[in-house]
Amino acid sequence: MTLVLAATPLGDSRDASPRLAQALADADVVAAEDTRRLRALATTLGVTPRGRVVSFYEDVESARLPALLEALRAGQTVVLVTDAGMPSVSDPGYRLVAACVEEGVGVTCVPGPSAVTTALAVSGLPPHRFCFDGFAPRKPGERQRWLRELAEQPRTVVFFESPHRLAATLAEAADVLGADRRAAVCRELTKTYEEVRRGGLGELAEWARQGVRGEITVVLEGAKPRSADLPRLVAEVRARVEAGERLKSASAEVAQAAGVSRKQLYDAVLRERDAE
């Protein structure tokens, strides 16, 4: 009894691995985000799934869980595929994985293409430390709050966006994060009309106003380290302590927000206090 998360090509079927073809052919059950796309992919790969094929998209994900778990408990192999890339990464699958882990059902993976790491690799931005933020928030207020959080994020950030909202998101990002903050917009990765646009957020926002189509992945440069104003941070910690907070917790929170060493700030507060 094993759940197999099987990555599918982003656009070029030649990126499919032999293991993916074998998994589709041998599975007792194939749960697919789009059964028509699955059958087209299987035909291209020259395989015919011998097991049941069931739909598993966002609107039916919860309803499908009991039957899939029952199949797994019965010793069957369930292969989960989405339209493109790795299941559960901004695609259906997480709830099923979590349920399997809860019940002690084995979960494994047939690795393969991922828009996240593909975009990161071609972006030209630092790949050493990065975070993935899924889809950008749709509502303007939530998007503003999210962008403000990214203002001090030192890691490179990868996120998905709808082509219809891309121009608005980039324009807001330019306002909040600065027009010169570097980014890359990756469109239709691995497909015939693949395009990677690199530049400042202001420049990219202007380009996107002309209209963009296709699957979009955005890579955003991390924030540059700020030189810490230690006296100001010490004053902030002391004000919080006078208001009733513990010195250690106040130092830790202020240091984390400013991107400085907690110990350095804590020791500086003690030195100032002892000097009085």
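Residues numbered from 1 in each chain as written. Predicted model: local features only at pLDDT ≥ 70, side-chain atom pairs only at ≥ 80, totals over all residues. Heavy atoms only, no water.

Caption draft 1: Representation of the state of the cysteines. Summed over all chains, the structure comprises 0 disulfides. Cys-100 supplies the cysteine sulfur nearest to Cys-109, a cysteine that is in no disulfide, at a spacing of 14 Å. On the accessibility criterion, Cys-109 (28% relative accessible area) is partly exposed. Considering cysteine sulfurs only, Cys-131 is the nearest to Cys-186, which forms no disulfide, with 15 Å between them. (Disulfide = S-S within 2.5 Å. Buried < 20%, exposed > 50% of the residue type's maximum accessible area, 1.4 Å probe, protein only.)

Caption draft 2: Up close: the nonpolar core. One finds Leu-150, Leu-166, Leu-170, Leu-177, Val-185, Leu-201 and Leu-220 to be the most contacted residues of the largest nonpolar core, which totals 23 residues. Of all the secondary-structure elements, those providing two or more residues to this core are α6 (140–150), β7 (156–161), α7 (166–177), β8 (182–187), α8 (201–208) and β10 (216–220). Apart from residues no more than four positions distant in its own chain, Leu-201 is found in contact with Leu-170, Ala-173, Ala-174, Leu-177, Gly-178, Ala-179, Arg-181, Ala-183 and Leu-220. Counting residues in each nonpolar core, the second largest holds 20 residues, with Leu-3, Val-29, Leu-65 and Leu-68 among its members. (Core = buried A, V, L, I, M, F, W, Y, C linked by side-chain atoms within 4.5 Å. Helix = DSSP H or I, 4+ residues; strand = E, 2+ residues; numbered from the N terminus. Contact = heavy atoms within 4.5 Å.)

Caption draft 3: Spotlight on the sheet that holds strand β2 (residues 29–32). Read from one edge to the other, the open sheet built from 5 strands follows the order β3-β2-β4-β1-β5, with strand pairing classed as parallel. With partners counted over all chains shown, the strands left at the sheet margins are β3 (52–55) and β5 (106–110), one partner each. Neighbour-to-neighbour, the strand axes of this sheet turn through a mean angle of 25°, independent of strand direction. Pairing analysis gives 4 bridges linking β2 to β3, with the strands arranged parallel. Looking across to β3, one finds that Val-30 is bridged to Val-53. Packed onto the sheet, helix α4 (residues 94–103) meets β1 (2–6), β4 (77–81) and β5 and runs at close to 150° relative to β1. (Pairing = 2+ DSSP bridges. Axes fitted to C-alpha atoms, helices over the stretch in contact; angles between N-to-C directions.)

Caption draft 4: Structural context of helix α2 (residues 35–45). Among the residues of α2, those classed as buried are Leu-38, Leu-41 and Ala-42. The buried residues of α2 occupy one face: seen down the axis, they fall within an arc of 100°. Away from its buried face by more than 90 degrees, α2 exposes Arg-36, Thr-43 and Thr-44. Check the buried side of α2 and you find it contacts α1 (18–26), β2, β3 and β4. You can read the cap of α2 off the contacts: a side-chain oxygen lies 2.9 Å from the backbone nitrogen of Arg-36, and it is on Asp-34. Gly-46, located one to two residues past α2, shows a positive phi value of around 75°. (Arc of directions from axis to C-beta. Polar contact = N/O pair within 3.5 Å; in protein donor to acceptor, adjacent residues only side chain to side chain.)

Caption draft 5: Spotlight on the environment of Val-234. With respect to the helices and strands, Val-234 occurs in helix α9 (residues 230–242). The spatial distance from the C-alpha of Val-234 to the C-alpha of Arg-273 is 10.0 Å, given a sequence separation of 39 residues. When near neighbours in sequence (up to four residues on either side) are disregarded, Val-234 contacts Leu-265, Ala-268, Val-269 and Glu-272.

Caption draft 6: Just the sheet that holds β8, in detail. Ordered in space as β6-β7-β10-β8-β9, the 5 strands form an open sheet in which the pairing is mixed. The sheet is open, and its two borders are formed by β6 (130–135) and β9 (195–200), each paired with just one other strand. Each neighbouring strand pair of the sheet contributes to a mean axis angle of 15°, computed without reference to strand direction. Pairing of β7 with β10 involves 5 bridges; the strand directions are antiparallel.

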